[in-house]
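Working through the structure, step by step
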Amino acid sequence: MTSAAGDPLQGTGSGASGRTDRRGQDELEMQTTGAASSGHRPWQRALVVVLALVAVVHAAVLALWVSPSGPVRDAVGDRALAAWVNPYFAQQWSALVPNAQFADESFMVRAQVRDGAGGAITMSDWMDVTAVETDALRHDIDPARVHVAARRIATNLNGAMFGLNPRQRELVAASYTKEPIERLGDRLYSAGTDRQAAVRSYVTYDTMATRFASMYARARLDGTILKVQYRVGRRTVPAGADRPADALHDRDFRWFAFGFRRGFTASYEAQTAFERHAGA
């Protein structure tokens, strides 16, 4: 009886001990696996070292590139430094200048004027409207829209002209002071059916340019404005490597010529408001 009663107790104790041993083995395996996974593999450590060395070398080369001449720089040589730096890591002051200007537009106006006193007819000199705008905006942090109107007109006219074909550019250079300006649009469409977007843009901004030129001439000149002529130009900044030696203001404008247009007469209120904002 004692032996029979003792066997179940011994069996129960043995089962509990076995479960405890298995649990301990599982925990030991988890700890071992976690410790192994938390360690860095050799290739990862090697990659970090290589990247760190590349970063140090790159920083040293850039420091030599922007530094003045010296024994270390002369020993390395400008050719070797340029081979590393250019073209992807070029260090140039012009690339860091705030508000750097990379393109310039010009809008110029002249007019034929009849003197109110003697009736003499004269042609004015070209007036650089964008230059006047630039001077007016130099210290103006909140300019009126009219102060940049000429530059916007020039930008859009230049874009339209680059979209026209050679024949269409010849057509816009003709004068329209006696026949309606609407005929110019018809002729432009006939001269290039594949350039309709450029033609629409030009016709729109030709009207705006003619009105602006007429109001500007009236504000600046004495007499009756009979006809006006405008021209627009664009110049762009040279490539980055050439900027230190060839700045934007050293470049010549590419000009587009337009014929004379009949003078536009604005209302008294519109002309007065224009002259007030234009500083006339």
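Please refer to the structure higher up on the page.
Everything numeric here is computed off the predicted structure, so don't read it as measured data.

The next point concerns the overall build of the chain. Scanning the chain from terminus to terminus reveals 10 helices and 6 strands. Within the chain, buried positions represent 26% of all 280 residues. When contacts within the chain are restricted to residue pairs at least 6 apart in sequence, long-range pairs at least 24 apart make up 66% of them. Only carbon and sulfur atoms are counted for the fraction: they give 57% of the accessible area of the chain, which is about 18,200 Å².

With their axes 10 Å apart at the nearest point, helix 8 (residues 182–191) and helix 9 (residues 196–220) run at an angle of 165° to one another. Classed by the angle they form, the pair helix 8 and helix 9 counts as roughly antiparallel. The chirality of how helix 8 crosses helix 9 is right-handed. In this structure, helix 8 uses L184, G185, L188 and Y189 to contact helix 9, whose residues at the interface are Q196, V199, R200, Y202 and V203. Within the contact of helix 8 with helix 9, the residues separate by chemical class into 6 nonpolar, 2 polar and 1 charged.

Where helix 6 (residues 149–163) contacts helix 9, the axes come no closer than 9 Å and their chain directions differ by 150°. For the pair helix 6 and helix 9, the sense of crossing is left-handed. Together, A149, A150, I153, N156, L157, A160, M161 and G163 of helix 6 and A198, S201, Y202, Y205, D206, M208, A209 and F212 of helix 9 make up the contact between the two elements. Across the contact of helix 6 with helix 9, the residue classes tally to 12 nonpolar, 3 polar and 1 charged.

Scanning the model with the defined rule gives 8 salt bridges in all. Across the salt bridge formed by R235 and D104, the nearest N and O atoms sit 3.0 Å from each other. Here the residue R235 occupies a position in strand 4 (residues 224–236), and D104 occupies one in strand 1 (residues 103–114), the gap between them amounting to 131 residues. Take R235 and D104: they sit in the same class, and that class is buried. Put simply, D194 and R195 hold a salt bridge, and the shortest N to O gap is 3.5 Å. Taking the relative accessible area as the measure of exposure, R195 reaches 28% and is therefore partly exposed.

A few words on the packing of aromatic side chains. Considering all chains together, one arrives at 8 aromatic pairs under this definition. Between F212 and F274, the ring centres sit 5.3 Å apart and the planes meet at 80°, which makes this aromatic pair edge-to-face. Of this pair, F212 sits in helix 9 while F274 sits in helix 10 (residues 268–278), and the two are 62 residues apart along the sequence. Members of the aromatic cluster, each reached through a chain of ring pairs, are F107, Y202, F212, Y216, Y230, F258 and F274. The ring centre of W126 lies 4.7 Å from the NZ or CZ of R231, which sits over that ring. The ring of W255 is capped by R231, whose NZ or CZ atom sits 4.6 Å from the centre of that ring.

A word on a nonpolar patch on the surface. Side chains of W43, L47 and L51 sit close together on the surface and give an oily, nonpolar patch of about 340 Å² of accessible area. Among the structural elements, L51 can be located in helix 2 (residues 42–66).

Moving on to the side chain of Q168. Take Q168: it is sitting in helix 7 (residues 166–172). Excluding residues within four positions of it along the chain, Q168 makes contact with L188, A191, G192, R195 and V199.

On to the pairing of strand 1. Extensive coverage of strand 1 is indicated by the burial of 9 of its 12 residues. Pairing of strand 1 with strand 4, which is carried by 12 bridges, proceeds in the antiparallel orientation. Its bridge partner lying in strand 4, Q112 is registered against K227. Across 2 bridges, the pairing between strand 1 and strand 3 (residues 127–128) is antiparallel. Residue pairing across strands places V109 opposite M127, the latter belonging to strand 3. Strand direction decides the pairing type here: strand 1 and strand 2 (residues 121–123), joined by 3 bridges, are antiparallel.

On to the pairing of strand 4. Bridge analysis of strand 4 against strand 6 (residues 261–262) gives 2 bridges, and the strand direction is antiparallel. Bridged to V228 within strand 6 is R261. Bridge count for strand 4 against strand 5 (residues 254–257) is 4 bridges, and the pairing is antiparallel. Looking across to strand 5, one finds that V232 is bridged to F256.

Calculation rules
- Residues numbered from 1 in each chain as written.
- Predicted model: local features only at pLDDT ≥ 70, side-chain atom pairs only at ≥ 80, totals over all residues.
- Heavy atoms only, no water.
- Helix = DSSP H or I, 4+ residues; strand = E, 2+ residues; numbered from the N terminus.
- Buried < 20%, exposed > 50% of the residue type's maximum accessible area, 1.4 Å probe, protein only.
- Contact = heavy atoms within 4.5 Å.
- Areas by Shrake-Rupley, 256 points an atom, 1.4 Å probe, with all protein chains shown as cover.
- Axes fitted to C-alpha atoms, helices over the stretch in contact; angles between N-to-C directions.
- Parallel < 35°, antiparallel > 145°, perpendicular 65-115°, else oblique.
- Left-handed = near helix turned anticlockwise from the far one by under 90°.
- Nonpolar A, V, L, I, M, F, W, Y, C, P; charged D, E, K, R; others polar.
- Salt bridge = Lys/Arg side-chain N within 4 Å of Asp/Glu carboxyl O.
- Phe/Tyr/Trp six-rings, centres within 6.5 Å; stacked < 30°, edge-to-face > 60°.
- Lys NZ or Arg CZ within 6 Å of the ring centre and 35° of its normal.
- Patch = residues over 30% accessible without salt bridge, like charges linked within 9 Å, V, L, I, M, F, W, Y side chains within 5 Å.
- Pairing = 2+ DSSP bridges.

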